[in-house]
Amino acid sequence: MKIIKFLSLISLFFVGVMSSVQATELKVGFIYVNPVGENTGWDYQHDQGRKAVENAYGNKVETSYVEAVPEGADAERVMTQMALSGHDMIFATSFGFMDPVMNVAAKFPNVKFEHATGYKRADNVATYSARFYEGRSVIGHIAGRMTKTNTIGYIASYPIPEVIRGINSAYLAAKAVNPNIKFKIVWVFTWFDPAKEADAASTLIDQGADMIMQHTDSTAAMTIAEERGVYAFGQASDMKKFGPRAQLTSIIDDWAPYYVERVGKALDGTWKSEDTWDGLAPGMAAISDFSNEIPETVRKEAQDLHDAIASGTVHSFTGPINKQDGSTWLAAGETADDGTLLGMNFYVEGIDGDIPQ
Amino acid sequence: MIKLTPRNNQSKILIAITPIIAVLFTMIFGGILFWVLGKNPFEAIKLIFWDPLMSETFSDYARPQILVKASPLILIALGLSVGFKANIWNIGAEGQFIMGALISAGIGLALYPMENRLIFPLMVVCGTLGGTLWALIPAILKSRFNTNEILVSLMLVYIAEQALASASIGILRNPEGSGFPGSRNLNQYPSASNPELIAGSGVHWGVVFSILTVWFFHYLLKNHKFGFQIKLFGDAPRAASFAGLKSNYIILLCFSISGGLAGMAGMFELTGPAGAITIDFNVGYGFTAIIVAFLGRLNPIGILFAGLLMALTYVGGEISQFMLGIPAAAIQVFQGMLLFFLLSIDLIVKFQLSFIRNKHISRKE
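Residues numbered from 1 in each chain as written. Chains lettered and ligands numbered in written order. Predicted model: local features only at pLDDT ≥ 70, side-chain atom pairs only at ≥ 80, totals over all residues.

### Topic: the overall build of chain B
To be explicit about the condition: Where helices and strands are cited, they refer to DSSP runs of H or I of at least four residues and of E of at least two residues respectively, numbered from the N terminus. Our radius of gyration looks at C-alpha atoms and nothing else; its globule reference is 2.2 Å times the residue count to the power 0.38. Once C-beta atoms are placed from the backbone, each residue is buried if 20 or more other C-beta atoms lie within 10 Å of its own, exposed if 12 or fewer, and partly exposed for counts between those two. Note that contacts rest on C-beta atoms placed from the backbone: two residues are in contact if these are within 7 Å.
The number of helices and strands found in chain B is 13 helices and two strands. Radius of gyration (C-alpha) of chain B: 22 Å, near the 21 Å computed for a compact globule of 365 residues. For chain B, the C-alpha atoms occupy an extent of roughly 70 × 60 × 35 Å along the three principal directions. When each of the 365 residues of chain B is scored for burial, the buried share is 49%. At a minimum sequence separation of 6, the contacts of chain B that also span at least 24 residues come to 79%.

Below, the structure written as structure tokens:
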């Protein structure tokens, strides 16, 4: 009968522990598609934004998160339970959470949803994303000026508009300062797979690339670049730790200002469903400190280009630009409209190879 | 050196309550883990095991959700258990799950936007066939060339994942999806959708099928000749061959059953909770089902409860993440403990442990 005694003891504890609800004004939940991780990556950067919200509003706001949430049915369940437990606002930080967000938002009209990188909105669903391609212009410029082999290696994740846009943007900026530039692109079909990314980096270096760009999340390519003595550009977070010599700069995802602003609007009642697509200007996409390996003149040019894009005097996609097949996309002086950029499914002229279908 | 000798008189009561003891041990050691992480262990355990089932806030929603989360696990684990009993190791249910979903999505989307009541049943059949055919690759290779089915079935998972990625950005991509990967949402195509059977619960045909399959397998393994053949083949393959059982027949059959059920689970998941084919459509049901099969001791009723328990720890684990800030990795360790304690207590109940000094032990078969 010991076991019964033990069981009743356990159940006593259950009764004894009642979750205490704090009297905060706003409860904000975040869901991440991968584990937050230690130092770098997409989800880590979103969690930095969450921490910024905590710091900004102190006791007025309580935040929570669930990590490693698979896209699809699991995400829908997690968000529903968050809403049931009294969350007032939920940030869903991956593209694949889109349909689940729409479903849960329809069931909880009083909960505000913020969905990163999606295109579906409702009265209580706002969307936001960053113009990372603006940062890619800056790294494209640096790569074009610094490469000795005229070969840039590019590790691409999935053939979606976001990634294709980044390739085109980096290529155009590199081509503008180095007419002989060649891009070699490897598609790894993953956002995060250190082994695959390392293989891709090695292959690209074997093929003569002395600059590595990545549109994937791990630090593997940076590590390989450091080992093999070539240069590389970090993604999402500063990856200097993994390539002290190799990293020339990183494109940083900085969600903190946006998160603080949106939570502030929810607090004072001015929150509305909007679509935000910010770039270098407010620093949602930012460039980390330039490495001393970059020659002084190139550093200055890159900074000027950064400032010009941020101030709006230069657009990453300014004509004349032809598509890969030679047909005209933008006439001289014309700049790309957001609609075309958002659905970009073609390479610009000069890039070899096909987009995988 | 530790020596294991089977106990002659195993306590039936002890065997029956082993899972409960394992859960208690998991609670204690999991509690210590949460305490070390600086969280209130009692509240954490309560959030994982109690709140999804009983709390006012969550239970109405979470109870049926546990069924929904458990149903693919149960369906796949049932199929796997048959093979495992016969010593045939299909580790690639994840790939068969993907293939079931892909084939049924292909059929459904090829017929879009035709409305016909037969489309959904047709998709169920095709999904099951898709899983079966994918599973037959390692089965045929094993029966004809004696390849290792563990390796081949596992490797085919990664091939299936590549096929899934390729289909999501290629042949099955939604033409109205602004260039983003992923197929049309089948929930918005009435003939192909797997709707909620009870409004608001999320319970779909997959749940019904998995419970029916539990009942069917219970009967099959207990009262039908097939159950005996499987057991005989696993425990004494030579005796089985003397009795006229062809090993190739058992291998092909076990893989067909497990692959078919995994494919069927993929089809129900696709048309129901997931809705669409996406690059990350598979979330590991095929692998978790291996744990469920063993947690349920390869017994249909046991698998039913093991699947529900596993689903409970998923749902409760999420709740404890956002209510208490417990990291996802700690929840996974917690789930791992559950299996570890069950298997180790099972071992102690069934075998006598003795410590011996001499280095050379002769094993009697």
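### Re the pairing of strand β4 (residues 112-116) of chain A
Residues and elements named next belong to chain A. Stated precisely, the cut-off is as follows: Strands pair, by our definition, only if DSSP identifies at least two bridges between them. When the strands point away from the viewer, a crossover counts as right-handed if the route from the first strand across the helix to the second turns clockwise.
Where burial is concerned, most of β4 is hidden: five out of the five residues are buried. In β4, alternate side chains face the same way, and those of Lys-112, Glu-114 and Ala-116 on one face and Phe-113 and His-115 on the other are all buried. Taken together, the four bridges between strand β3 (residues 89-92) and β4 define a ladder with parallel strand orientation. Along β4, the bridge assignment pairs Ile-90 with Phe-113. With helix α4 (residues 98-107) bridging β3 and its parallel neighbour β4, the resulting β-α-β unit is right-handed. With four bridges connecting them, β4 and strand β5 (residues 125-130) associate as parallel partners. Along β5, the bridge assignment pairs His-115 with Thr-127.

### Structural notes on the domain arrangement of chain A
By a widespread convention, an interface's size corresponds to the accessible area lost as its parts come together. Residue and element names in this part refer to chain A. Cut-off, in case you're wondering: Note that the domain bounds were set by an automatic or database domain assignment. Polarity classes work like this: nonpolar for Ala, Val, Leu, Ile, Met, Phe, Trp, Tyr, Cys and Pro, charged for Asp, Glu, Lys and Arg, and polar for all others, with Gly in that last group.
Domain parsing of chain A yields domain 1 (23-130) and domain 2 (132-252 + 284-342). Relative placement of domain 1 and domain 2: their C-alpha centres are 29 Å apart. With eight residues of domain 1 in contact, the opposing surface of domain 2 contributes ten residues. The element contributing the most residues to the side of domain 1 that touches domain 2 is helix α2 (residues 42-57), with three residues. Here the side of domain 1 that touches domain 2 is composed, by residue class, of three nonpolar, five polar and no charged.

### What to know about the environment of Met-239 of chain A
All names here are of chain A. Within the element layout of this structure, Met-239 appears in the loop between β9 (231-236) and β10 (247-253). Here Met-239 falls in the buried class, since 28 other C-beta atoms lie within 10 Å of it. Taking the C-alpha atoms as reference points, Met-239 and Thr-335, 96 residues apart in sequence, are found 32 Å from one another. When neighbours within four sequence positions are excluded, Met-239 is seen to be in contact with Thr-40, Thr-219, Met-222, Gly-234, Gln-247 and Ser-250.

### With respect to helix α2 (residues 41-54) of chain B
Residues and elements named next belong to chain B. Put simply, the rule reads: Given a helix with a known number of residues, its expected span is that number minus one, times 1.5 Å. Consider a residue and the seven residues that end there alongside the seven that start there; fitting an axis to each set, the bend is the angle between those axes.
With 14 residues, α2 ought to run about 20 Å at 1.5 Å a step, and its terminal C-alpha atoms sit 18 Å apart, in line with that. The largest bend along α2 reaches roughly 45° and is located at Leu-47. Every buried residue of α2 is accounted for by Glu-43, Ala-44, Ile-45, Lys-46, Leu-47, Ile-48, Phe-49, Asp-51 and Pro-52.

### With respect to the nonpolar core
Nonpolar side chains in soluble globular proteins tend to end up buried together. What counts, and what does not: Core membership is restricted to buried Ala, Val, Leu, Ile, Met, Phe, Trp, Tyr and Cys residues, and these are joined into a nonpolar core through C-beta atoms within 7 Å.
Counting 212 residues, the largest nonpolar core has Ile-31 and Ile-212 of chain A together with Ile-76 of chain B as the members making the most contacts within it. Sorting elements by how many residues they give to this core places helix α3 (residues 59-85) of chain B first, with 14 residues. Residue assignment places this core across two domains, with domain 1 (23-130) and domain 2 (132-252 + 284-342) of chain A each supplying three or more. Here Ile-31 of chain A is in contact with Tyr-65, Val-66, Val-69, Ala-75, Val-78, Met-79, Ala-92, Thr-93 and Phe-97 of chain A, once residues within four sequence places are set aside.

### Some words on the interface of chain B and chain A
With 34 residues of chain B at the contact, the number on the chain A side is 36 residues. Secondary structure elements with two or more residues in the side of chain B that touches chain A: α2, α3, α6 (149-169), α10 (247-274), α12 (300-324) and α13 (328-350) of chain B. Ranked by the residues each element gives to the side of chain B that touches chain A, the list is headed by α12 of chain B, at six residues. Of the residues that constitute the side of chain B that touches chain A, the class distribution is 20 nonpolar, ten polar and four charged.

### Notes on the sheet that holds β9 of chain A
Within a sheet, neighbouring strands are paired by backbone hydrogen bonds and run either parallel or antiparallel to one another. Residues and elements named next belong to chain A. Rules: Whenever a helix is involved, its axis is fitted only over the stretch in contact; in every case the axis is a line through C-alpha atoms, and angles between N-to-C directions fall within 0 to 180 degrees.
Strand order in the open sheet made by the six strands is β7-β6-β8-β9-β10-β12, with mixed pairing throughout. Edge positions in the sheet fall to β7 (182-187) and β12 (285-287), since each has one partner strand and no second. If you compare each strand with its neighbour and ignore which way they point, the axes differ by 20° on average. Pairing between strand β6 (residues 151-156) and strand β8 (residues 211-214): four bridges, direction parallel. Within β8, the residue paired with Gly-153 across the bridge is Ile-212. Against the sheet, helix α6 (residues 161-177) contacts β6, β7 and β8, and its axis sits at roughly 170° relative to β6.

### Description of the packing of helix α4 (residues 93-111) of chain B against helix α5 (residues 119-145) of chain B
All names here are of chain B. Convention followed: Definitions for this section: a left-handed crossing has its near helix turned counterclockwise from the far helix by less than a right angle. A right-handed crossing has that turn clockwise.
Contact geometry of α4 with α5 gives a least axis separation of 7 Å together with a crossing angle of 145°. Handedness of the α4/α5 crossing: right-handed. Each of Gly-95, Gln-96, Phe-97, Met-99, Gly-100, Ala-101, Leu-102, Ile-103, Ser-104, Ile-107, Gly-108 and Leu-111 in α4 lies in contact with α5, whose residues at this interface are Ile-119, Leu-122, Met-123, Cys-126, Gly-127, Thr-128, Leu-129, Gly-130, Gly-131, Trp-134 and Ala-135. Classifying every residue of the contact of α4 with α5 by side-chain character gives 14 nonpolar, nine polar and no charged.

### As for the packing of helix α11 (residues 285-295) of chain B against α12 of chain B
All names here are of chain B. The condition is simple: Comment on the angle field: the value is read as roughly parallel under 35 degrees, roughly antiparallel over 145, roughly perpendicular from 65 to 115, and oblique elsewhere.
One can describe the packing of α11 onto α12 by two numbers: an axis separation of 8 Å at closest approach and a directional angle of 130°. Here α12 runs oblique to α11, going by the angle between their axes. In the packing of α11 onto α12, the handedness of the crossing is right-handed. Facing Thr-288, Val-292, Ala-293 and Leu-295 of α11, the residues of α12 in contact are Ile-303, Ala-306, Gly-307 and Met-310. Its residues placed into classes, the contact of α11 with α12 shows six nonpolar, two polar and no charged.

### Structural notes on the pairing of β6 of chain A
Residue and element names in this part refer to chain A. With respect to burial, β6 is a largely interior element, five of its six residues being buried. Relative to β7, β6 runs parallel, the two being bridged by six bridges. What sits directly across from Thr-151, in β7, is Lys-182. This β-α-β element, β6 to α6 to β7, shows right-handed connectivity.

### Considerations on the environment of Trp-42 of chain A
All names here are of chain A. If you trace the backbone, Trp-42 turns up in helix α2. Separated by 195 residues in sequence, Trp-42 and Ser-237 have C-alpha atoms that sit 7.8 Å apart. Apart from the residues lying within four places of it in its own chain, the contact partners of Trp-42 are Asp-217, Ala-236 and Asp-253.

### Here's the deal with the sheet that holds β5 of chain A
Strand order in the open sheet made by the six strands is β2-β1-β3-β4-β5-β11 (chain A), with parallel pairing throughout. This sheet does not close on itself; its edge strands, each paired only once, are β2 (61-66) and β11 (275-278) of chain A. Ignoring which end each strand starts from, the neighbouring axes of this sheet average 15° apart. In the packing of helix α3 (residues 73-84) of chain A onto the sheet, contacts are made with β1 (26-31), β2 and β3 of chain A, and the angle to β1 of chain A comes to roughly 170°. On top of the sheet, α12 of chain B reaches β1 and β2 of chain A; it is set at about 150° to β2 of chain A, its chief contact.

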